[in-house]
Amino acid sequence: MTIFCLEQNYLAHKRDRDLGNNSTPEVFLKPGTALLPKVNDMNFQQFKTARLYAQCEIVLHISADGKDISEEEAGTFFDSITTGINFTKINIQDELDGAIVKWEEAKAWPHSSAIGEWFNVKDYNNSHDINFCMYYNREMGQMANTDLMIADFNKIISMISSQYALHIGDIIFTGSP
């Protein structure tokens, strides 16, 4: 399983990071070991970082193998969605921003991603209007809607499959607001 992750897929996120209005989100990869097993509790102390940042995202489950998938056919390549959290060692990311090195050191370590229960995508009437949020210590820290994404689910699958082959069981974190 490969975990594909998008950065800068929300306009507000791009503004927050002073990245302008480039309409192409960035893709980075995580190994399958980055996914927190459902039976494990997360021990934040094991991550040995001064600052740990959490971002809630919509996650797609790939249900068919494909490469160079068109946007029109991309909807047939995922069957379920959930919410997920990507954790970032923000102090390391701050050091790497602007550097030639990719952000995997800050984002792709073991158990750096967690996902919820999967829901059949057919249960959603409109994938462009899914609300999701995350609470920190019982206070809402993040709230968004898929309508605010730069690239929608079909465009994301098409874009990623133009660079990489997608395989059954791969997952895609679609970016955080």
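Model, not experiment: these values are computed from the prediction.

K.L.:
An account of the confidence of the model for the chain is requested, with residue identities and associated values reported.
P.N.:
Taken residue by residue, the chain gives an average pLDDT of 85. The fraction at 70 or more is 79%. Considering only residues more than four positions removed or in separate chains, one finds that residues 14-20, a stretch of pLDDT under 50, has 12 contacts.

K.L.:
Tell me about a nonpolar patch on the surface, residues and numbers included.
P.N.:
Taken together, Y135, M140 and M143 make up a surface patch of nonpolar side chains, about 360 Å² in accessible area. Looking at the secondary structure, you find M143 in strand β8 (residues 139-145). Overall, M143 belongs to the exposed group, its relative accessible area being 63%.

K.L.:
Kindly report on the environment of A34, identifying the contributing residues and their values.
P.N.:
Relative to the helices and strands, A34 is located in the loop between β2 (26-31) and β3 (52-62). C-alpha of A34 to C-alpha of P110: the two residues are 76 residues apart in sequence and 4.2 Å apart in space. The residues touching A34, leaving out its near neighbours within four places in the chain, are I3, A108, W109, P110, H111, S112 and S113.

K.L.:
Explain the side chain of H61 to me, and be specific about the residues and the numbers.
P.N.:
Residue placement: H61 occurs in strand β3. A distance of 2.9 Å separates polar atoms of two side chains, one belonging to H61 and the other to D79.

K.L.:
Can you explain unusual backbone geometry? Please cite residues and give values.
P.N.:
Unusually for a residue other than glycine, D68 sits at a positive phi of about 55°. Turning to its location among the elements, D68 is positioned in the loop between β3 and α2 (71-74). Judged by relative accessible area, which is 52%, D68 ranks as exposed. The backbone of R138 shows a phi angle near 70°, a positive value even though the residue is not glycine. Positionally, R138 belongs in the loop between β7 (131-136) and β8. For R138, a relative accessible area of 83% gives the class exposed.

About the criteria used
Residues numbered from 1 in each chain as written. Predicted model: local features only at pLDDT ≥ 70, side-chain atom pairs only at ≥ 80, totals over all residues. Heavy atoms only, no water. pLDDT = per-residue confidence, 0-100. Contact = heavy atoms within 4.5 Å. Patch = residues over 30% accessible without salt bridge, like charges linked within 9 Å, V, L, I, M, F, W, Y side chains within 5 Å. Areas by Shrake-Rupley, 256 points an atom, 1.4 Å probe, with all protein chains shown as cover. Salt bridge = Lys/Arg side-chain N within 4 Å of Asp/Glu carboxyl O. Helix = DSSP H or I, 4+ residues; strand = E, 2+ residues; numbered from the N terminus. Buried < 20%, exposed > 50% of the residue type's maximum accessible area, 1.4 Å probe, protein only. Polar contact = N/O pair within 3.5 Å; in protein donor to acceptor, adjacent residues only side chain to side chain.

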